[in-house]
Amino acid sequence: MTDYRLFGADTSPYSLKVRAFLRYKGLAFDWISRSRANEADFQANAQTVATVPLLISPSRPVSQDSTAMLAALEADHPEPSAVPDDPACAVLALMLEDYGDEWLNKCMFQQRWGQSPDREAAALRVLTQLYDGKLPRARKAPLKQIAERMAARLPLVGAEVENWQTLENAWRRFASHLNDHLKDHLFLFGGRPSVADFAIAAQFQQMLLDPTPAAWLQDRAPFLVAWCEHMEDPHVGGPFEDLAALGETLAPLFTQELSVTYLPWASANAASASRNKKRFSVTLGDGVFEQSTQRYAARSFQSVRAALARSADNTPLQDFLEATGGRRYLT
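What you see is a predicted model, and the numbers here were worked out from it, not measured in a lab.

About the thresholds
- Residues numbered from 1 in each chain as written.
- Predicted model: local features only at pLDDT ≥ 70, side-chain atom pairs only at ≥ 80, totals over all residues.
- Heavy atoms only, no water.
- Core = buried A, V, L, I, M, F, W, Y, C linked by side-chain atoms within 4.5 Å.
- Buried < 20%, exposed > 50% of the residue type's maximum accessible area, 1.4 Å probe, protein only.
- Helix = DSSP H or I, 4+ residues; strand = E, 2+ residues; numbered from the N terminus.
- Pairing = 2+ DSSP bridges.
- Axes fitted to C-alpha atoms, helices over the stretch in contact; angles between N-to-C directions.
- Contact = heavy atoms within 4.5 Å.
- Right-handed = clockwise from strand over helix to strand, strands pointing away.
- Salt bridge = Lys/Arg side-chain N within 4 Å of Asp/Glu carboxyl O.
- Phe/Tyr/Trp six-rings, centres within 6.5 Å; stacked < 30°, edge-to-face > 60°.

Undergrad: When you look at the nonpolar core in this model, what are you seeing that I'm missing?
TA: One recurring pattern in soluble globular proteins is that nonpolar side chains are buried together. Of all hydrophobic cores here, the largest spans 95 residues; its most connected members are Phe 189, Phe 204, Leu 217, Trp 227 and Tyr 262. Looking at this core, the element that brings in the most residues is helix 4 (residues 87-113), giving 14 residues. One finds Ile 32, Phe 42, Val 52 and Ile 56 within the second-largest nonpolar core, a separate group that totals eight residues.

Undergrad: Please clarify how the sheet that holds strand 2 (residues 29-33) should be interpreted in this entry.
TA: Consider a sheet: its strands pair through backbone hydrogen bonds, and that pairing is either parallel or antiparallel. The strand order across the open sheet formed by three strands is 2-1-3, and the pairing between neighbours is mixed. With partners counted over all chains shown, the strands left at the sheet margins are strand 2 and strand 3 (54-56), one partner each. Strand-to-strand twist across the sheet, computed as the mean angle between neighbouring axes with direction ignored, equals 15°. Sheet analysis places strand 1 (residues 4-8) next to strand 3, joined by three bridges and oriented antiparallel. If you follow Arg 5 over to strand 3, its bridge partner there is Ile 56. Taken strand by strand, helix 1 (residues 13-24) contacts strand 1, strand 2 and strand 3, and its axis lies near 155° from that of strand 1.

Undergrad: Help me out: how do you make sense of the pairing of strand 2 in this one?
TA: Within a regular strand, the side chains alternate between the two sheet faces. Judged from the five bridges that link them, strand 1 and strand 2 form a sheet pairing that is parallel. The residue bridging Arg 5 from the neighbouring strand is Asp 30, located in strand 2. The handedness of the strand 1 to strand 2 crossover, carried by helix 1, is right-handed.

Undergrad: Could you clarify how one ought to interpret the environment of Lys 25 in this entry?
TA: Within the secondary structure, Lys 25 is located in the loop between helix 1 and strand 2. Distance in space between the C-alpha atoms of Lys 25 and Glu 79 is 6.9 Å, their sequence separation being 54 residues. Once you skip the residues sitting within four places of it in the chain, Lys 25 turns out to touch Glu 74, His 77, Pro 78, Glu 79, Pro 80, Ser 81 and Ala 82.

Undergrad: Teacher, can you tell me more about the pairing of strand 1 here?
TA: Summarising burial for strand 1: five of the five residues are buried, a large majority. Here strand 1 shows no split at all, with Tyr 4, Leu 6 and Gly 8 on one side and Arg 5 and Phe 7 on the other all buried.

Undergrad: Quick question: what am I supposed to make of the pattern of salt bridges here?
TA: A side chain of one charge can pair with a side chain of the opposite charge if their charged atoms are brought near each other. Applying the stated criterion across every chain, the model contains 19 salt bridges. Between Lys 25 and Glu 74 there is a salt bridge, with its nearest N and O atoms 2.7 Å apart. Residue Lys 25 is found in the loop between helix 1 and strand 2, and its partner Glu 74 is found in helix 3 (residues 66-76); the two are separated by 49 residues along the sequence. Both residues of the pair, Lys 25 and Glu 74, count as buried. For the salt bridge of Glu 39 with Arg 34, the shortest nitrogen-to-oxygen distance reads 2.7 Å. Residue classification places Arg 34 among the buried residues on the basis of a relative accessible area of 16%. Bridged by salt links that share partners, the residues Lys 17, Glu 97 and Asp 101 form one connected network.

Undergrad: I would appreciate a short explanation of the packing of aromatic side chains in the present structure.
TA: Remark: the centre distance and the inter-plane angle together describe each pair of aromatic rings, the angle taken between the planes. The final tally for this structure, using the stated rule, is eleven aromatic pairs. Measuring from centroid to centroid gives 4.9 Å for Phe 21 and Phe 198, while their planes differ by 75°, and the two rings are edge-to-face. With a gap of 177 residues between them, Phe 21 in helix 1 and Phe 198 in helix 8 (residues 195-207) connect regions that are remote in the sequence. Residue classification places Phe 21 among the buried positions, given a relative accessible area of 0%. Relative to Phe 204, the ring of Phe 174 has its centre 6.4 Å away and its plane inclined at 10°; by these criteria the two rings are stacked. With Phe 174 in helix 7 (residues 164-182) and Phe 204 in helix 8, this pair connects stretches of sequence that are 30 residues apart. Owing to a relative accessible area of 0%, Phe 174 belongs among the buried residues under this scheme. The class of Phe 204 is buried, set by a relative accessible area of 0%.

Below is the structure:
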């Protein structure tokens, strides 16, 4: 048995995020695809929620939070680094990680479970995983049950029907600008991956499993597709670059996407959570977006704001956020 054990699923973006990070760090680990066969072992280690990923490590408590996992692994195994050398880029990486985890995930979830044939294909993958690759003969009923159960969760993540067009516009817009950025850079911040790369690639890797978004990405974003393949087991290709070298193609990700969707949404969600409100609405670039308050996302965004507050005297960072329209949502 290795020092690390990772319970996960190939259908879980957060599982892929952590698995790729362990590979990048060169750490030996057991990948345990959650199934009926190992459910008792999983439940014996699960903490507050019965979801993957679940990481068992030699020196830390069991964790089921992918962001906390990456932070702990980075602290315990600092090389090869996943933290940009430029302090401004380090903060932007945390912001983009949160974007991937909390906003882009909505887009992925809507694409997978909100439409056909994606929903049916995903249900088949889930059932295959649960049965360790050996599908039961009577599969029609469980496939229908999986699809209906996951579709029922769409409102819980904010992927309600009224929000679908906003979400579709968002991921396509972001993918187009990220594809442009990756034409000139191996990763988001230069020659090696940051936590942002792991978070965002994991969401797009899932979209590449689903017929509808996969067709769009393969046709419109070939550099992004190649990056997703590389991010399954990434390796250092060079040094990190500073914000001055990255700004020309990094800025549109913020100007055209983060500052018109994720940042105003995250700010409104955090305000709603602080007032103990059950629902909130916010006007984004594509119209009104309404959903249930997400308390974990509010805490996660507070961490981003705290990182920015610690960099209040970083002029290049503050100037970048002001110029790209996001600074007003981060105070």
